[in-house]
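Observations on the three-dimensional arrangement
Residue strings, one per chain:
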Amino acid sequence: VTLTEDVRSLIADTIAIADERHAEMLRELEGRLDEPLRLAIAGRVKAGKSTLLNALVGEAVAPTDAAECTKVVTWYVNGLTYRAWLHPVSGAGEARQVPFSREPGNAHIDIGETDLDKIEHLRVEFPSQYLDGIDLIDTPGTASISESVSERSLDFLLEPDHSEVDIVVYLMRHLHDRDVDFLEAFVGEADRIRPTMAVGVLSRADEIGGGRSDAMEIARQAAEASADDPRLRDRVQTVIPVAGLLAFTAATLREEEFQQLRRIALRPIEEIDVALASVDAFIEGSTISDATVAERRSLVERLGLHGIRFSVGSIIHGTTTSASELARGLEAHSGLDELRLLVRGLYAERRAVLKADLALNLIEEVARAAPRDAARPIDAGVERIRATTHELGELDALYRLRVDPPADLAVDLRRQAERLLGAAGADTRARLDLDLNHSDEELRAYALELLSGWRSIADRPLVSRELRMLVPTVEITLERLYSELATA
Ligand SMILES: Nc1nc2c(ncn2[C@@H]2O[C@H](COP(=O)(O)OP(=O)(O)O)[C@@H](O)[C@H]2O)c(=O)[nH]1
Ligand SMILES: [Mg+2]
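Here is a short report on the structure shown in this document. (Residues numbered from 1 in each chain as written. Chains lettered and ligands numbered in written order. Predicted model: local features only at pLDDT ≥ 70, side-chain atom pairs only at ≥ 80, totals over all residues. Heavy atoms only, no water.)

Take the overall build of the protein chain next. A tally of helices and strands in the protein chain yields 21 helices and 11 strands. For the protein chain, whose C-alpha radius of gyration is 24 Å, the value lies close to the compact-globule estimate of 23 Å for 488 residues. Taken along its principal axes, the extent of the C-alpha atoms in the protein chain is 80 × 60 × 40 Å. Put simply, the protein chain has 488 residues, and 52% of those count as buried. The contacts of the protein chain with a sequence gap of at least 6 include a subset with a gap of at least 24, amounting to 74%. On the protein chain, roughly 21,900 Å² of surface is accessible, and the fraction owed to carbon and sulfur atoms is 51%. (Helix = DSSP H or I, 4+ residues; strand = E, 2+ residues; numbered from the N terminus. Rg over C-alpha atoms; globule rule 2.2 N^0.38 Å. Buried < 20%, exposed > 50% of the residue type's maximum accessible area, 1.4 Å probe, protein only. Contact = heavy atoms within 4.5 Å. Areas by Shrake-Rupley, 256 points an atom, 1.4 Å probe, with all protein chains shown as cover.)

What follows is the structure, given as structure tokens:
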């Protein structure tokens, strides 16, 4: 039997001893076991959520800025063609199809005269490879224009009985107490949601320091610091810097935009420096190119000042000679690749395990409240599944590394353990932190070397309890990696 089937039959046994509220929750999770991963994008208004969603799928489907329809929770799911549905709150009628248009650069969902309070959520369907196995959920900002709307978006994420999402990508421009409160509410909920299920994104990272040329490096340092910040450490798996706008523009870059940038790059460097000193200098003041004010304004909207500087710089240095090369450069620079890999490797490919884990946590909660006799076979079932499914052990170890890292484990080894357990993706090379330049032979030798390193940790004279729990899981992971490589 597969893990999903195993968990499903345990859910059925648990429903038999659960109260009505928990039975309902269990049925809901049961239905989701083999569904796509549900990933919600959350954060304050204008954090860049909708732009990031568009960058992830590589096209403009999520309306950005402040249109009415951005105040409603919206699901983006894989489907045959471009369509949208409005799902009213219960008692306010049936779901109905509504007009959905994609003008170049911005999408629009026409909710007509419908009162926002009457809308439960919108659902947009379109064909996308990225959405294979993932449903993306765009949320209105927390603390958005009207309090009732923002509360609704929070309720949807946090509602203890019906948390509808599996994973949250939480965007913040700076680490702010309000963000900490949100994440606390999300991961604090009933022990069922774990920090491994939230990823922090330092968003609009290109804007740091007014778009200075090393903005992304500064953002990376800030992100690493926030991931280790005591207020965040046990609430998110990691924090990564992303400039969603650059990634979105990379995915939709037009030849004429590249040509405008190329003409700027041909000017004397002193003139370029003056023209790119500020947005105003670039749009109003400069004679740097023959582009009209409207064209320059559009470049700023598409790339921001940092993106323009980066693009012009890479043309001057000869690393970019065509629109497609510039698109690749921008995408790599944006940090989106890292988020994509993380979402794929850590979450989407392991969604069956994640969902099983959520279900097992809930099952344990029910068993704790049940009479001893009824609970005993349930507990035994949970224990058996956990003991025989190493992937669940990996999730648990990742969780404990965030919440309660062993004090006697050096930082570099902690990071190594997280990677090995799949924090940066479940793929062998991602786990070993080696790229395609290394042969399978080298990977195998490296896995063996790491294995003996971890074995020697267990032989230390004094080992903390946390470390003693961690080592066997890492060892099994390494043994598996090694034997997979040996039989490949
Ligand atoms: N410079 C820059 N601007 C961004 C970025 N992401 C979003 N924006 C801009 O910020 C504004 C709000 O973005 P939006 O995605 O609608 O934010 P939301 O309210 O969180 O959904 C828009 O004008 C975007 O163009 C980014 O990575 N860099
Ligand atoms: Mg939005």
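There is more to say, and it comes next.
What follows covers the pattern of salt bridges. Within the structure shown, the criterion is met by 36 salt bridges. The salt bridge partner of Glu125 is Arg83, with a shortest N-O separation of 2.8 Å. Of the two residues, Glu125 sits in strand S7 (residues 119-126) while Arg83 sits in strand S3 (residues 83-88), which places them 42 residues apart along the sequence. Since its relative accessible area comes to 26%, Arg83 is described here as partly exposed. Notably, a salt bridge pairs Arg444 with Glu441, separated by 2.5 Å at the nearest N-O pair. Highlighted residues: Arg444 and Glu441, both in helix H20 (residues 440-458), separated by three residues, approximately one helical turn. Connected through shared salt-bridge partners, Glu28, Arg32, Asp166 and Lys355 make up one network. (Salt bridge = Lys/Arg side-chain N within 4 Å of Asp/Glu carboxyl O.)

In terms of nonpolar packing, the biggest core is built from 98 residues, with Leu136, Leu339, Leu432, Trp454 and Leu470 touching the most fellow members. Sequence-distant contacts of Leu432, that is, excluding residues within four places in its chain, are made with Leu420, Leu443, Tyr446, Ala447, Leu450, Leu478, Leu481 and Leu485. Within the second largest apolar cluster, 45 residues are counted, among which are Ala42, Trp75, Ala243 and Phe282. (Core = buried A, V, L, I, M, F, W, Y, C linked by side-chain atoms within 4.5 Å.)

On to the environment of Met469. Structurally, Met469 can be placed in helix H21 (residues 465-487). For the pair Met469 and Gly335, spaced 134 residues apart in sequence, the C-alpha to C-alpha distance is 34 Å.

Attention now goes to the sheet that holds S7. Strand order in the open sheet made by the nine strands is S4-S3-S7-S2-S8-S1-S9-S10-S11, with mixed pairing throughout. Edge positions in the sheet fall to strand S4 (96-98) and strand S11 (239-242), since each of these pairs with one other strand and no more. Each adjacent strand pair in this sheet contributes to an overall mean axis angle of 25 degrees, direction not counted. For strand S1 (residues 37-43) and strand S8 (residues 134-138), the ladder comprises five bridges, and the chain directions are parallel. By the bridge assignment for S8, Ile41 is matched with Asp138. (Pairing = 2+ DSSP bridges. Axes fitted to C-alpha atoms, helices over the stretch in contact; angles between N-to-C directions.)

Near ligand 1 lie 16 residues; those nearest to it are Lys46, Lys49, Thr51, Asp65 and Asp206. The separation between a nitrogen atom of ligand 1 and a polar side-chain atom of Glu207 is 3.3 Å. Taken by itself ligand 1 offers 580 Å² of open surface, and the protein chains cover 87% of this. Those elements that place two or more of their residues in the shell around ligand 1 are helix H3 (49-57) and helix H8 (244-251). It is H3 that provides the largest number of residues to the shell around ligand 1, a total of three residues. By residue class, the composition of the shell around ligand 1 is four nonpolar, five polar and seven charged. (Near = heavy atom within 4 Å. Polar contact = N/O pair within 3.5 Å; in protein donor to acceptor, adjacent residues only side chain to side chain. Nonpolar A, V, L, I, M, F, W, Y, C, P; charged D, E, K, R; others polar.)

In summary, the side chains of a regular strand alternate between the two faces of the sheet. As paired elements, strand S5 (residues 100-103) and strand S6 (residues 106-109) share four bridges and run antiparallel to each other. Bridge pairing links Ser101 to His108 in S6. Between the end of S5 and the start of S6, which pair antiparallel, lie two residues, with Gly105 showing a positive phi angle near 90 degrees.

Throughout the structure, instances matching the rule amount to one aromatic pair. With a centroid separation of 5.7 Å and 20 degrees between ring planes, the pair formed by Tyr82 and Phe126 is classed as stacked. Of this pair, Tyr82 sits in the loop between strand S2 (74-78) and S3 while Phe126 sits in strand S7; the two residues are 44 residues apart in sequence, bridging distant segments of the chain. For Tyr82, a relative accessible area of 26% corresponds to the partly exposed category. We classify Phe126 as buried; its relative accessible area is 0%. (Phe/Tyr/Trp six-rings, centres within 6.5 Å; stacked < 30°, edge-to-face > 60°.)

All right, on to unusual backbone geometry then. At Lys46, a position not held by glycine, the phi torsion is positive, near 65 degrees. The residue Lys46 is located in the loop between S1 and H3 in this model. We note that Asp433 has phi near 60 degrees; this positive angle belongs to a residue other than glycine. Among the secondary structure elements, Asp433 is positioned in the loop between helix H19 (428-432) and H20.

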